[in-house]
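Coordinates in review
The residues making up each chain are set out below.
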Amino acid sequence: MGAEAQSIPGLGAPADTEWETVVGLEVHAELATETKLFSASPNRFGGDPNTHIDPVSLGLPGSLPVLNQKAVELAIRVGLALNCRIQPSVFARKNYFYPDMPKDFQISQYDQPINVDGWLELPTGRRIGIERAHIEEDTGKTVHIGGGGRIHEAGYSLVDYNRAGVPLVEIVGHPELRSATEARQYVAELRSILVAVGASDGKMEEGSLRVDCNVSVRPAGSDRLGTRCEIKNVNSLRSLGRAIDYESRRQIDLLTSGQPIEQQTRHWNEDDGRTHALRSKEEDHDYRYFPEPDLLPLDPSPQWVEQIRQELPPLPRDRRLRLAEAAPSADAAHIALAVERSLDELAVAAIGQGGVPERVMTHIVHNLADGPGELTPQALASLVGMEDKGQLTATQAKRVLAVLVDRGGSPQEAAQKLGFEAMESVELESLVDGLVADHPDEWSRFCDGDAKLTGFFVGQAMKATQGRADGKAVTQLLNSRRG
Amino acid sequence: MTVLGIAGAVRSGQRSARSVVDEYLGAIAEGDDEIHAFNLVAAEQARARADEIDSTVAEGRDPGPLAGVPVALKDNLCTRGVPTTCSSRILEGWVPPYDATVVGRLHGAGAVMVGKTNMDEFAMGSSTENSAFGPTRNPCDTSRVPGGSSGGSAAAVAAGFAPVALGSDTGGSIRQPAALCGVVGVKPTYGLVSRYGLVAFASSLDQIGPFTTTVADAAAVLDVISGPDPRDSTSIGDSQPPVSATLDNGVDGLRVGVLAELSGDGISPDVAARVRAAVSALQSAGARVAEASAPAAVYGLSAYYLIAPAEASSNLARYDGVRYGLRVDGASTPDMNTASRSAGFGDEVKRRIMIGTYALSAGYYDAYYGKAQRVRTLIIDDFASVWDQFDLVVSPTSPTTAFSLGERTADPMAMYMSDVCTVPVNLTGQAAMSVPYGVGDDGLPVGVQILAPALGEPIMFRAAAVLEASR
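Everything quoted here is computed from the prediction, not taken from an experiment.

**Observations concerning the overall build of chain A**
Check the secondary structure of chain A and you find 16 helices and 14 strands. Its C-alpha atoms give chain A a radius of gyration of 29 Å, more than 25% over the compact-globule value 23 Å for 483 residues. Each principal axis of the C-alpha atoms in chain A carries an extent, and together these give about 90 × 55 × 45 Å. With 483 residues in all, chain A has 51% of them scored as buried. If you sum the accessible surface of chain A, you get close to 22400 Å²; carbon and sulfur atoms cover 49% of it. Side chains of chain A carry 51 positive and 71 negative charges; the gap between the two charge centres is 1 Å.

The following block contains the structure:
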């Protein structure tokens, strides 16, 4: 259990080893199309309320949906990237009354979704089953005015239909995740895949990626699923982790005190760090699904699917494998980070051009968080080569890198402009000899084995050269003089 | 006057569109208080449009094939800037911001919209008595209903208020009122005419079609309004040959079936006699006649009264008081929804929403909606066999002539039986039309229904022309 969950008052002692948390996620991703799923209105975040609308997305009487083929293509990309089977599918109406849903039904896919039976591999190598990834339309947004924004206390509500009809793909995972950490890994990986294939911008903060999570617990070793609760309003990876930790703790405490779990939909409250009951199973809607008569069945041709498959860019998993091959000693987390930041191609290319993998990865992980800018693989390879030869110190290399990111060019040129000419070894030796002579006390303590003094001498060398000295070379010289 | 007669006179400059429109507006002003065919008469707009047509003619430009032809539109067809009510209180005050595809096509062909016609609320009914604005009377006998749900359109043409009107046919709502008012009414093949802008009742069954006084007029109007529409996914993608072109080709050698399932029980003897006369006429014109059978057709009415309400329950959900039309305030949003819908919908609409909601509910879906869809498939299969042996099938359009106002309002089942001959065609999606063929014992019109396979309009119209000529 996470520290946050344990710190909540009134909860009993954790019993992690006796209970297993089971998580299944339903992720809604907005597809990055120009126009809406069934009409020509723009699919764009924001905008003045009710400006991205038309008779179809407002559900005006007499209007009819026409399927956006680009949305279908993006959904197929998602299906292929998640190793799904692409099958003939049928749109269905999901009927329920809600003011931000213009037709009071949502066009979705029900018993015949387009993508089924796939899997997603976590960075740890564990595969999580994907039940389906189907196409559906988004709803509008209701804003409650007065009463602090909560629906039950609101004075009145206003509806913005700009989002109504935006294409979504809903990715339903099997309940095979076993912890908050795994759930976060799953969503992070899924987001990378969606972004990589160009299906979605994956922005959780703008709501283009939304996660509903189903949480249950069971005695460790059991193969039966416990009663689950669905948690809504999880708006970041951090909230996802916290919400799952809280919810599994809550359920374990109920069970250990002999109380049953009620199947519920619960609302995550970011402020108090708890989930709150929204409605029970009995209050759930009967959606009265039936095939959407205004749309034809969707049956993508095998040729089209194959063409989409051919055009798929490399997926994060493949990219991680490729980078790990190029930089075998690199940390898995660093590899994942590089891929997440889309720096992996640069790294592989720089290593391919002779860059020392460890040094390349150091820059990738620590110094390129804002992207590679104008930096070319060739320049990165030369840069780490200069470092390796002692021509640049780590500090200097970092500054040269910033110039390369900013303006491009070669590292030699940039180093020269910055005045970073490498110290000749003779010059460095005489500097070290001078320092030893000037600081006899520190030198004798260093010779007695006080390792802290290494830092002292390196610091002095840096000070004397305004950072031009190579710290490693100074250390080597000190050690060789100690004998 | 006929559609073709008016268009010819206006196109050639013999008559001004304005004088035609004024004449029809005069007829409406004089007669519609009694008939109540119209919910709205757009007199000023019609006159302005007629003047435009006349300018076009004067400038020597082509005013279109329906130049100056006054047209009445069923009040479930969206007209930009003109209220569209579906004869329901729930759409009170709603003005569509767009034209239905058919409205745009008629406009482009030079037709002049004179008004919106009365109907059963949301097209649910067979007598036009379910209108929130009061019933329409049958011009042939004003103590009788005009049929429904497109009763206003049928009555407008029968009364001479317009030479053509458009209606919509979900279970017979064009053909049955056409029969009862003694005019021609066409239910085209599903997908031949775009539904974009037709306020949906039952999406998989709805189809727009014309009412006219002659078969040739109906063909001319159908040729204008039909054709592919990218705004309707169910519209047929390929253009079809014009029906008008082959109208006079006769029926010599065609195989005509008399549908056994729609000829026996429940058909009034005088109606049956007129159908026999029509069959003889086709035979005399060279058709080969035999009995045809589609056994599952007898279950058509039952399947229809589950599928249509099921789709309607979903299509009509959007009338919730949130965005347009009637709103009755409530303490919460669901209360407001309930109050608005309770006040805005009439009894028949509520009945069908309840039936449809029930038919789709968890635990009942398979027994009702699912089973009805299986029956629909059986009927489609049966008709496929019929079309292996026949080019056309003939039956009565309505089991009886026009009934009296109020006669069936208390008995929904009796009212539903009015559609027994017409609903199978909506379930299969094929073409059908009603052609007036004499009168019954009460002196009221009898319609003969001609059924054709999907996209069989050209042959169907040939037979209709033969019947018309043999009257």
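Now, onward.
**Structural notes on the packing of helix α9 (residues 300-315) of chain B against helix α12 (residues 366-389) of chain B**
Residues and elements named next belong to chain B. Contact pair α9 / α12: the axes reach a minimum separation of 9 Å and the direction vectors enclose 125 degrees. The angle between the axes of α9 and α12 places the two elements in the oblique class. Crossing geometry of α9 relative to α12 is assigned as left-handed. Packed against α9, whose contacting residues are Gly 300, Ala 303, Leu 306, Ile 307, Ala 310 and Glu 311, the element α12 presents Tyr 368, Tyr 369, Ala 372, Gln 373, Val 375, Arg 376 and Ile 379 at the interface. Considering only residue class, the contact of α9 with α12 consists of 9 nonpolar, 2 polar and 2 charged.

**Details of the sheet that holds strand β5 (residues 115-121) of chain A**
Residue and element names in this part refer to chain A. What the 9 strands build is an open sheet, ordered β2-β5-β6-β9-β1-β10-β11-β12-β13; its pairing is mixed. Lying at the two open borders of the sheet, with one neighbouring strand each, are β2 (85-86) and β13 (274-280). Note that strand β1 (residues 19-30) and strand β10 (residues 209-219) share 11 bridges and pair antiparallel. Bridging across to β10, Ala 29 finds its partner in Leu 209. Those strands touched by helix α4 (residues 237-256) are β1, β10, β11 (229-234), β12 (264-269) and β13, and its axis lies near 25 degrees from that of β10.

**A few points about the packing of aromatic side chains**
Scanning the model with the defined rule gives 23 aromatic pairs over all chains in all. Taking the centre distance of 5.3 Å and the plane angle of 70 degrees together, the rings of Tyr 96 of chain A and Tyr 287 of chain A count as edge-to-face. Residue Tyr 96 of chain A is found in the loop between β3 (91-95) and β4 (105-109), and its partner Tyr 287 of chain A is found in the loop between β13 and β14 (290-291); the two are separated by 191 residues along the sequence. Classification of Tyr 96 of chain A as buried rests on a relative accessible area of 19%. Overall, the relative accessible area of 23% leaves Tyr 287 of chain A in the partly exposed class. The interplanar angle of 5 degrees and the centroid separation of 3.7 Å between the aromatic rings of Tyr 110 of chain A and Tyr 289 of chain A together place this pair among those described as stacked. Pair noted here: Tyr 110 of chain A is in the loop between β4 and β5 and Tyr 289 of chain A is in the loop between β13 and β14, with a separation of 179 residues, a long-range link. Taking the relative accessible area as the measure of exposure, Tyr 289 of chain A reaches 17% and is therefore buried. Connected via pairs of aromatic rings, a cluster forms that spans Trp 94, Phe 122, Tyr 319, Tyr 324 and Phe 345 of chain B. Residue placement shows Lys 94 of chain A over the ring face of Tyr 287 of chain A; its charged tip is 4.4 Å from the ring centre. In this structure, Arg 482 of chain A is placed above the aromatic ring of Phe 446 of chain A, and the distance from its NZ or CZ to the ring centre is 4.5 Å.

**Here's the deal with the pattern of salt bridges**
Under the definition given, this model contains 47 salt bridges over all chains. Across the salt bridge formed by Arg 61 of chain B and Glu 59 of chain B, the nearest N and O atoms sit 2.4 Å from each other. Members of the salt-bridge network, linked through shared partners, are Arg 93, Glu 292 and Asp 294 of chain A together with Arg 195 and Asp 232 of chain B.

**Considering the domain arrangement of chain A**
A common way to report how large an interface is uses the accessible area buried once the components associate. Residue and element names in this part refer to chain A. We note that the domain assignment places domain 1 (3-308), domain 2 (314-417) and domain 3 (425-482) within chain A. Computed from C-alpha atoms alone, the centre-to-centre distance between domain 2 and domain 3 is 30 Å. Every contact between the two is made by 4 residues of domain 2 and, on the other side, 5 residues of domain 3. Of the roughly 320 Å² buried between domain 2 and domain 3, counting both surfaces, carbon and sulfur atoms make up 42%. Our count for the contact surface shared by domain 2 and domain 3 stands at 0 salt bridges.

**Details of the sheet that holds strand β1 (residues 38-41) of chain B**
Strands in a sheet are paired, the pairing made by backbone hydrogen bonds, and the direction either parallel or antiparallel. Residue and element names in this part refer to chain B. Spatially, β1-β3-β2-β4-β6-β5-β10-β11-β9-β7-β8 is the arrangement adopted by the 11 strands of the open sheet, whose pairing is mixed. On the outer flanks of this sheet lie β1 and β8 (288-292), each paired with one strand and no other. For this sheet, the mean angle separating the axes of adjacent strands, direction not counted, is 25 degrees. Relative to strand β4 (residues 164-168), helix α5 (residues 151-158) is tilted by about 165 degrees, and along the sheet it contacts β1, β2 (70-74), β3 (112-117), β4 and β6 (208-212).

**Topic: the interface of chain A and chain B**
Across the boundary between the two partners, chain A contributes 30 residues, which contact 38 residues of chain B. Interface area lost by chain A to chain B is led by Pro 61, Leu 64 and Arg 288 of chain A, which between them contribute 23%. Applying the counting rule to chain A against chain B returns 2 salt bridges. The shortest N-O distance in the salt bridge between Arg 323 of chain B and Asp 104 of chain A comes to 3.6 Å. Only β3 and β14 of chain A provide two or more residues apiece to the side of chain A that touches chain B. Within the side of chain A that touches chain B, the residues separate by chemical class into 20 nonpolar, 4 polar and 6 charged.

**Here we look at the environment of Gln 378 of chain A**
Residue and element names in this part refer to chain A. Along the chain, the position of Gln 378 falls in helix α10 (residues 377-388). The partly exposed category is assigned to Gln 378, whose relative accessible area is 46%. Distance from Gln 378 to Trp 19, taken between C-alpha atoms, is 52 Å for residues 359 residues apart in sequence.

**Concerning the side chain of Glu 182 of chain A**
Relative to the assigned elements, Glu 182 of chain A resides in helix α3 (residues 180-196). Among residues more than four places away in sequence, those in contact with Glu 182 of chain A are Leu 122, Arg 126, Glu 176 and Leu 177 of chain A.

**Some thoughts on the environment of Asp 344 of chain A**
Residues and elements named next belong to chain A. Within the fold, Asp 344 resides in helix α8 (residues 344-352). Sequence separation between Asp 344 and Asn 50 is 294 residues, and the spatial gap between their C-alpha atoms is 41 Å. At 2.8 Å, the side chain of Asp 344 and the side chain of Arg 319 are in polar contact.

**Examining a nonpolar patch on the surface**
Residues and elements named next belong to chain A. Together, Val 143, Tyr 156 and Leu 158 make up a nonpolar patch on the protein surface, roughly 290 Å² of accessible area in all. Position of Val 143 among the secondary structure elements: in strand β7 (residues 141-145). Owing to a relative accessible area of 43%, Val 143 belongs among the partly exposed residues under this scheme.

What counts as what
Residues numbered from 1 in each chain as written. Chains lettered and ligands numbered in written order. Predicted model: local features only at pLDDT ≥ 70, side-chain atom pairs only at ≥ 80, totals over all residues. Heavy atoms only, no water. Helix = DSSP H or I, 4+ residues; strand = E, 2+ residues; numbered from the N terminus. Rg over C-alpha atoms; globule rule 2.2 N^0.38 Å. Buried < 20%, exposed > 50% of the residue type's maximum accessible area, 1.4 Å probe, protein only. Areas by Shrake-Rupley, 256 points an atom, 1.4 Å probe, with all protein chains shown as cover. Lys, Arg positive; Asp, Glu negative; His and termini not counted. Charge placed at Lys NZ, Arg CZ, Asp CG, Glu CD. Axes fitted to C-alpha atoms, helices over the stretch in contact; angles between N-to-C directions. Parallel < 35°, antiparallel > 145°, perpendicular 65-115°, else oblique. Left-handed = near helix turned anticlockwise from the far one by under 90°. Contact = heavy atoms within 4.5 Å. Nonpolar A, V, L, I, M, F, W, Y, C, P; charged D, E, K, R; others polar. Pairing = 2+ DSSP bridges. Phe/Tyr/Trp six-rings, centres within 6.5 Å; stacked < 30°, edge-to-face > 60°. Lys NZ or Arg CZ within 6 Å of the ring centre and 35° of its normal. Salt bridge = Lys/Arg side-chain N within 4 Å of Asp/Glu carboxyl O. Domains from an automatic or database assignment. Buried area = accessible area lost by both parts, 1.4 Å probe. Polar contact = N/O pair within 3.5 Å; in protein donor to acceptor, adjacent residues only side chain to side chain. Patch = residues over 30% accessible without salt bridge, like charges linked within 9 Å, V, L, I, M, F, W, Y side chains within 5 Å.

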